[in-house]
Amino acid sequence: MLLARHQSLHAKEPLRWLDLMAGCGIRALRWGLEALGNPAVETELWINDGDPDRLPLIQANVQALGCSTRLTADAADMLLHRAIVQRHWFDFIDLDAFGAPGPLIQPALRALRFDGLLFLASTDGRSPTGHDRAGAIRSLGTAARAHPSSWEMALRQLIGLVARQAWMLGRGLQPLFSFSEGRTFRLALRLRHQIPGGDEQKLGMVARCERCGAQRVQPLLKLSGWPVCDCADGQGRWSISGPLWIGPLQETHLLQQLIFDAQELGCQQISPATLRMMHRLQADSGDGPTVWPTDELARRLGIGGPPALGPLVEALQAAGYRASASGIMPGQVRTDAELKQLLQICTSLRGEGI
Ligand SMILES: C[S@@+](CC[C@H](N)C(=O)[O-])C[C@H]1O[C@@H](n2cnc3c(N)ncnc32)[C@H](O)[C@@H]1O
Ligand SMILES: [Zn+2]
């Protein structure tokens, strides 16, 4: 809702928004009631759900909206393909499917206007988290291995899939924000007219040593052999996931603006929990996929409690590394320090009684 409102506030041309799998229509209703931030811009709401039994309730709900609405009970792919043929481009598509959205991604991208926004959900957690490896190959085209930052790996595989679909169309893709609570994986993405130079470097592979937990990243563009992990006399084995998105997960400047908008609207409209999540995402751009749970660090050091996240991030930064508390999963640190240095810094913090 905040993202749609942001688009409305900055729009100069009429807007067309599509709630493609609307369910009871709550999102489109909120768009109509709360997101039409610019009265000078005409906005058309298309509201669709494949189940025709939903229509009477949606119809009753949207009657009082002060914008034009178009209600349908079409199969999502039919609606998108018809819109493409009839050149009805959308400025915003909300694609809230059950399961994996794979087959609808390409038509949704094709039905978006340049710079249009796609809000995408997937409830398929098993494939990208390594619990259904054959399923990940089928639905995402990835090798998915168990990883302690499983929600993040799932989001990165999903962004990688959408990016490849956009690139096939000769378009670029910019992740705006990405989050999950472990069951549903949600992405806000912007379709770019052109592929920004060098973006192909943002697709890569992440390797994690099954023995010592060290991690390595390689862009597909420069993929070469994996060095032997130096733990346990070279007995470590890499488990490798990808291809997945290794670029940033969050557009922090936009999130800052949305936080400002949310504060302006107040907690009647934006819940404190949502605001807290936005602050967490804003503080961690997700640039770099190497993330470790502090619990794992404590276990590997054989110490009782995990190191405190805030001081650990500060100590890493003071040592010249990039570091942040992960905005995706609680109790995890993102850093470009190698595991050995990371553990050393944890040990020295412990020596200082932190
Ligand atoms: C996850 S629910 C949507 C929930 C809704 N966005 C909300 O926030 O309340 C998915 C919806 O997609 C609809 N649906 C499932 N398959 C569809 C298809 N192929 N085409 C159109 N709608 C479909 C279902 O009827 C269901 O209401
Ligand atoms: Zn190792």
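Quick caveat, the model's predicted, so the values are computed rather than measured. (Residues numbered from 1 in each chain as written. Chains lettered and ligands numbered in written order. Predicted model: local features only at pLDDT ≥ 70, side-chain atom pairs only at ≥ 80, totals over all residues. Heavy atoms only, no water.)

**Thoughts on unusual backbone geometry**
Residues Gly242 and Pro243 are joined by a peptide bond in cis, for which omega reads 0°. Counting through the fold element by element, Pro243 comes out in strand β10 (residues 238-245). Positive phi, normally seen in glycine, also occurs at Arg87, with a value near 55°. Using a relative accessible area of 61% as the deciding quantity, one classes Arg87 as exposed. Of note, Asp115 is a non-glycine position whose phi angle comes to about 70°, a positive value. Note on placement: Asp115 falls in strand β5 (residues 112-122). (Helix = DSSP H or I, 4+ residues; strand = E, 2+ residues; numbered from the N terminus. Buried < 20%, exposed > 50% of the residue type's maximum accessible area, 1.4 Å probe, protein only.)

**Concerning the site of ligand 1**
Taken together, 15 residues form the shell around ligand 1, and within it Arg27, Asp49, Gly50, Ala76 and Asp96 come nearest. In the environment of ligand 1, an oxygen atom lies 2.6 Å from a nitrogen or oxygen atom belonging to the side chain of Asp49. Ala76 is positioned with one of its backbone polar atoms (N or O) 2.8 Å from a nitrogen atom of ligand 1. Contact with the protein chains removes 74% of the 600 Å² of surface that ligand 1 exposes when unbound. Of the residues that constitute the shell around ligand 1, the class distribution is six nonpolar, three polar and six charged. (Near = heavy atom within 4 Å. Polar contact = N/O pair within 3.5 Å; in protein donor to acceptor, adjacent residues only side chain to side chain. Areas by Shrake-Rupley, 256 points an atom, 1.4 Å probe, with all protein chains shown as cover. Nonpolar A, V, L, I, M, F, W, Y, C, P; charged D, E, K, R; others polar.)

**Thoughts on the pairing of β5**
With eight of 11 residues buried, β5 lies mostly within the body of the structure. When strand β4 (residues 90-96) meets β5, the two strands line up parallel, connected through six bridges. Note that in β5 the partner of Phe92 across the bridge is Leu117. In terms of handedness, the path from β4 via helix α5 (residues 102-110) over to β5 forms a crossover that is right-handed. Inspection of the sheet shows β5 paired to strand β7 (residues 185-192) by six bridges, in the antiparallel sense. Bridging from a neighbouring strand, Leu118 pairs with Leu189 of β7. (Pairing = 2+ DSSP bridges. Right-handed = clockwise from strand over helix to strand, strands pointing away.)

**A closer look at the sheet that holds strand β13 (residues 332-335)**
Pairing is antiparallel across the open sheet formed by three strands, whose spatial order is β11-β13-β12. Only two strands of the sheet have a single partner each, and these edge strands are β11 (291-293) and β12 (323-325). Adjacent strand axes in the sheet meet at a mean angle of 25°, parallel and antiparallel pairs treated alike. Where β12 meets β13, three bridges bridge the pair, whose relative direction is antiparallel. (Axes fitted to C-alpha atoms, helices over the stretch in contact; angles between N-to-C directions.)

**Thoughts on the domain arrangement of the protein chain**
How big an interface is tends to be reported as the loss of accessible area on association of its parts. Each assigned domain of the protein chain is listed with its residue range as follows: domain 1 (2-196) and domain 2 (290-354). For domain 1 and domain 2, the distance between their C-alpha centroids amounts to 36 Å. At the boundary of domain 1 with domain 2, total buried surface from both sides reaches about 670 Å², with 58% on carbon and sulfur atoms. When residues of domain 1 are sorted by the area they lose upon contact with domain 2, Pro148, Trp151 and Glu152 head the list and together hold 63% of the total. There are one salt bridge connecting domain 1 and domain 2. (Domains from an automatic or database assignment. Buried area = accessible area lost by both parts, 1.4 Å probe. Salt bridge = Lys/Arg side-chain N within 4 Å of Asp/Glu carboxyl O.)

**Some details on the coordination of the zinc ion (ligand 2)**
In the first shell of the zinc ion (ligand 2), the protein supplies Cys209 (SG), Cys212 (SG), Cys229 (SG) and Cys231 (SG), at 2.3 Å from the metal. For the zinc ion (ligand 2), the four donor atoms are set out with angles of 101 to 114° between them, so the coordination reads as tetrahedral. Along the chain, the residues donating to the zinc ion (ligand 2) fall in the pattern C-x2-C-x16-C-x1-C. Residue Cys209 is found in strand β8 (residues 203-209), and its partner Cys229 is found in the loop between β9 (215-219) and β10; the two are separated by 20 residues along the sequence. Here Cys209 and Cys229 have matching classes, each one buried. (Donors = N, O, S within 2.8 Å, 3.2 Å for Na, K, Ca; no water. Tetrahedral: all angles 85-135°; square planar, octahedral: opposite > 155°, others 65-115°.)

**Overview of the nonpolar core**
With 78 residues, the main nonpolar core has Leu3, Ile93, Leu118 and Phe177 as its most contacted residues. Examining the composition of this core, we find that nine residues originate from one element, helix α7 (residues 150-168), more than from any other. Not counting residues within four places of it along the chain, the set of residues in contact with Leu3 comprises Phe92, Leu117, Leu176, Phe177, Ala188, Leu254 and Leu258. Core analysis: the second largest hydrophobic core is formed by 21 residues, Ala214, Cys231, Leu342 and Cys346 among them. (Core = buried A, V, L, I, M, F, W, Y, C linked by side-chain atoms within 4.5 Å. Contact = heavy atoms within 4.5 Å.)

**Thoughts on α7**
Look at α7: 27 Å from first C-alpha to last across 19 residues, which is about the 27 Å you get at 1.5 Å a residue. Among the 19 residues of α7, 16 are classified as buried, and the element is accordingly described as predominantly covered. Count one or two residues on from α7 and you reach Gly170, which has phi positive near 80°. (Expected span 1.5 Å × (residues − 1).)

**Considering the sheet that holds β9**
Pairing between sheet strands relies on hydrogen bonds along the backbone, with the strands arranged either parallel or antiparallel. Spatially, the three strands line up as an open sheet ordered β9-β8-β10, and their pairing is antiparallel. Since the sheet does not close on itself, it has two edges, and those belong to β9 and β10, each with one partner. Looking at each pair of strands side by side, their axes are set apart by 20° on average, direction ignored. Inspection of the sheet shows β8 paired to β10 by six bridges, in the antiparallel sense. Opposite Leu203, over in β10, you have Trp245 as the bridge partner. In the packing of α7 onto the sheet, contacts are made with β8 and β10, and the angle to β10 comes to roughly 45°.

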